[in-house]
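# Topology and contacts: notes
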Amino acid sequence: MDRREFLESSTVLAGGALLGAIGLAQSQSPMLGIQVGAVSFVDEGTDAVLDGLHEMAAINTLFVATFTYGRGIAGRQLPNQPLPDHGRQEYDTSTFRGGNYATPHPQYYRDTAIAPEHAPDHGPYDVLADVIPKAHRRGMKVIAWFEDVIAGDVPGFDKAREVVLAGPASTFACSRNPHTRHFWLALVEDYLRSYDVDGLMWGSERQGPLGNVLGTNHGGAGSGGRIACFCQYCVDAAKKDGVNVDRAREGYTRLAAWAENVGRGTKPADGAFVTFWRLLVQYPEILAWERLWNDALYDTYRDMHRRAKEIAPAKGIGWHVWHNNSFSPFYRAEQDYTAYAAYSDFLKVVMYNLCGGERLAQYVRGATRSLFADFTPEQTLELTYTAQQYHGGALADLAAQGLPASYVKRETARAMANAGPMKIWPGIDVDIPTAATSKKTGPQDVYDAVKAAFDGGAHGVLLSRKYSEMRLDNIRAAGRAVRELKLA
Ligand SMILES: [Zn+2]
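The rules behind these values
Residues numbered from 1 in each chain as written. Predicted model: local features only at pLDDT ≥ 70, side-chain atom pairs only at ≥ 80, totals over all residues. Heavy atoms only, no water. Buried < 20%, exposed > 50% of the residue type's maximum accessible area, 1.4 Å probe, protein only. Helix = DSSP H or I, 4+ residues; strand = E, 2+ residues; numbered from the N terminus. Pairing = 2+ DSSP bridges. Phe/Tyr/Trp six-rings, centres within 6.5 Å; stacked < 30°, edge-to-face > 60°. Lys NZ or Arg CZ within 6 Å of the ring centre and 35° of its normal. Core = buried A, V, L, I, M, F, W, Y, C linked by side-chain atoms within 4.5 Å. Contact = heavy atoms within 4.5 Å. Salt bridge = Lys/Arg side-chain N within 4 Å of Asp/Glu carboxyl O. Expected span 1.5 Å × (residues − 1). Axes fitted to C-alpha atoms, helices over the stretch in contact; angles between N-to-C directions. Left-handed = near helix turned anticlockwise from the far one by under 90°. Nonpolar A, V, L, I, M, F, W, Y, C, P; charged D, E, K, R; others polar. Donors = N, O, S within 2.8 Å, 3.2 Å for Na, K, Ca; no water. Tetrahedral: all angles 85-135°; square planar, octahedral: opposite > 155°, others 65-115°. Patch = residues over 30% accessible without salt bridge, like charges linked within 9 Å, V, L, I, M, F, W, Y side chains within 5 Å. Areas by Shrake-Rupley, 256 points an atom, 1.4 Å probe, with all protein chains shown as cover.

## Digging into the pairing of strand E2 (residues 61-68)
For a regular strand, side chains alternate in direction, first toward one face of the sheet and then toward the other. For E2, the tally of buried residues reaches 8 of 8 residues, placing the bulk of the element in the interior. As paired strands, strand E1 (residues 31-36) and E2 are joined by 4 bridges and run parallel to one another. Bridging from a neighbouring strand, valine 36 pairs with valine 64 of E2. Relative to strand E4 (residues 141-147), E2 runs parallel, the two sharing 6 bridges. Counterpart to valine 64 in the pairing with E4 is alanine 144. As paired strands, E2 and strand E3 (residues 99-100) are joined by 2 bridges and run antiparallel to one another. Bridged to phenylalanine 67 within E3 is asparagine 100.

## With respect to the packing of aromatic side chains
Tallied over the entire structure, the rule returns 24 aromatic pairs. Arranged with centres 6.0 Å apart and planes meeting at 80°, the rings of phenylalanine 63 and tryptophan 425 form a pair that is edge-to-face. You can see phenylalanine 63 sitting in strand E2 and its partner tryptophan 425 sitting in the loop between strand E8 (423-424) and strand E9 (427-429), a full 362 residues away along the chain. With respect to burial, phenylalanine 63 and tryptophan 425 carry one shared label: buried. For arginine 71, the ring lying beneath its charged end belongs to phenylalanine 96, and the centroid distance is 4.7 Å.

## Structural notes on the nonpolar core
In this structure, Leu62, Phe146, Tyr191, Leu360, Val450 and Leu463 are the most contacted members of the largest nonpolar core, which totals 133 residues. Among the elements that make up this core, the one with the highest residue count is helix H11 (residues 285-311) (11 residues). Setting aside residues no more than four positions away along its own chain, phenylalanine 146 makes contact with Thr66, Phe67, Trp184, Leu187, Val188, Tyr191, Leu200, Met201, Trp202, Gly203 and Met304. Core analysis: the second largest hydrophobic core is formed by 10 residues, Phe63, Ile73, Trp145 and Met201 among them.

## Here's the deal with the pattern of salt bridges
When charged atoms on two side chains of opposite charge get close, those side chains can pair. For the structure shown, the criterion picks out 34 salt bridges. Of the charged contacts, one joins aspartate 196 and lysine 315 as a salt bridge, the two residues approaching to 3.5 Å between their closest N and O atoms. Here aspartate 196 is found in the loop between helix H6 (178-194) and strand E5 (199-203), whereas its partner lysine 315 is found in the loop between H11 and strand E6 (316-321), with 119 residues between them in sequence. You can call aspartate 196 partly exposed: its relative accessible area is 46%.

## Describing helix H19 (residues 472-484)
The end-to-end C-alpha distance of H19 is 18 Å, a good match for the 18 Å that 13 residues give at a rise of 1.5 Å each. Along H19, the positions that sit buried rather than exposed are Leu472, Asn474, Ile475, Ala477, Ala478, Gly479, Ala481 and Val482. Buried residues in H19 make contact with E1, helix H4 (46-57), helix H18 (443-455) and strand E10 (460-464). Once H19 finishes, lysine 486 follows within two positions and takes phi at roughly 60°, a positive value.

## Brief notes about the packing of helix H14 (residues 353-368) against helix H15 (residues 377-388)
Running from N to C, H14 and H15 cross one another at 115°; their axes reach a closest spacing of 9 Å. Crossing geometry of H14 relative to H15 is assigned as right-handed. Where H14 abuts H15, its residues Leu360, Tyr363, Val364, Ala367 and Thr368 lie against Pro377, Thr380, Leu381, Thr384 and Tyr385. Per-class residue counts for the contact of H14 with H15 are 7 nonpolar, 3 polar and no charged.

## Some words on unusual backbone geometry
Cis peptide bonds are those with omega within 30 degrees of zero, and the linkage from alanine 228 to cysteine 229 qualifies with 15°. Along the polypeptide, cysteine 229 turns up in the loop between helix H7 (209-214) and helix H8 (232-240). The linkage connecting serine 464 with the following residue, arginine 465, adopts the cis geometry, with an omega of 5°. Looking at the element boundaries, arginine 465 is found in the loop between E10 and H19. At glutamine 389, a residue that is not glycine, the phi angle is positive and equals roughly 65°. Along the chain, glutamine 389 turns up in the loop between H15 and helix H16 (395-401). Residue class for glutamine 389 comes out partly exposed when judged on its relative accessible area of 48%. Even without being glycine, aspartate 431 reaches a positive phi, approximately 60°. Judged by its relative accessible area of 13%, aspartate 431 falls in the buried class.

## Digging into the coordination of the zinc ion
In ideal tetrahedral geometry, four donors around a metal make angles of 109.5 degrees, whereas ideal octahedral geometry with six donors gives angles of 90 or 180 degrees. Here the zinc ion is held by the protein donor atoms Cys174 (SG), Cys229 (SG), Cys231 (SG) and Cys234 (SG), which lie 2.2 to 2.3 Å from it. If you look at the zinc ion, its 4 donor atoms make angles of 102 to 115° with each other, and the shape they trace is tetrahedral.

## Considerations on the environment of proline 104
Locating proline 104 in the fold gives a position in the loop between E3 and helix H5 (127-137). For proline 104, the residues in contact, after removing those within four places along its chain, are Tyr109, Pro116, Glu117, His118 and Asp190.

## Focus: the pairing of strand E7 (residues 346-349)
Both faces of E7 are covered, namely the face carrying Phe346 and Lys348 and the face carrying Leu347 and Val349. As judged from the 4 bridges shared by E6 and E7, these two strands associate in the parallel manner. Paired with glycine 318 across the strands is phenylalanine 346, a residue of E7.

## Focus on the environment of asparagine 261
With respect to the helices and strands, asparagine 261 occurs in helix H9 (residues 245-263). Asparagine 261 sits 204 residues away from alanine 57 along the chain, and the two C-alpha atoms are 51 Å apart.

## Thoughts on a nonpolar patch on the surface
A contiguous nonpolar patch, built from Phe273, Val274, Trp277, Val281 and Phe375 and spanning about 470 Å² of accessible area, is present on the exposed surface. Its relative accessible area of 41% is what places valine 274 among the partly exposed residues.

## Here we look at the side chain of arginine 414
Relative to the assigned elements, arginine 414 resides in helix H17 (residues 405-417). On the basis of relative accessible area, arginine 414 is assigned to the buried category, the value being 16%.

Right under this line is the structure:
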């Protein structure tokens, strides 16, 4: 036995390494994170924000919104929602635009037509350049947090836009289009090479053509996207895969007509569900196109992960998993955590239980207008609870009550069961805007949700979706929970 073999087979070494690994795991405190946009640092002062977050909720990781054109993770409170008890007491409707809240470095964007725009909202302000040194001085980590939301008028976006079967244009870029792929890879490279970030998180809140034609999502018709993508890249991928493109078009055309009829209240003699399934059997290309759509997104994750590891192997990269994962069993089936583990260091699984009631009710009403038109909305809700293995209140009370904290625990445990080496960081909602009559966040709600996440085995929690809409007493309630659990 040579020395190398001896070392490999040495139980002493193996035992030592094992103990070392366990020691490391024990010394790792849980990730206590919050999503925060540039506007909060500009409005309130970076040092004050960081000290406040540390003091209120023992926050050790900042998920700084670095790229989006959407108001979900950037900008101040939404107009017509009450402003929280901190920050500038006015809305930013006239100054919000979005883009890259850091500084795009043009050398990384040579392979994409999509223009890397600096967000003009706060002049030349670069949120990463400002926040990273101040956070690191306090022992806080900074994750660059960016999402699949590009404004339609960004120069070059039209070269990347999804091609729809019919109807209004897609607001999304095709994940298979090289301009799109290279744009996301450029952001990965730019953030990792230009800044001392501690990791990256990207999110994509959209689904394939099948879910979109069925309306199986929250947020109303079209919020998950359109019947797409039929661009040349997707058509070529289908042909390469032996999928009949004409049959896919025909199947989706018939399915769209079916959905329109059923949505109008015209019930086929054989019922909505049976006639849907009949189309699926007659046109298996419908499912094939759904798979192709997802494959392009999975490939995007895989490519971003690979690029990140080439540049900074020790830094984590992971994904925000859209809330529809909790509502639509069809979308849920496509979020296979075991598969994610091959190209993810962590998942932020959205488990917003407070706005979750309103959103689940939206999903149920949408699905009951199509696939489940043979059922009552209450039956659709019961089916949804049973299939997804958590339970909440009755449909009539759902929006006003929200989902119970037990849903957070259940969803965390489900994620943990398939996480493998991935970290699971449940997204906890704090003051996410809802309708006036729907559930609003209170301190006890946040406390309960944070405790439920750790009860389910979470490796951390991520307060969402942006500090600029959260009330301070609700943030403090998260701190109370983690201190009671002796996690901080
Ligand atoms: Zn495409």
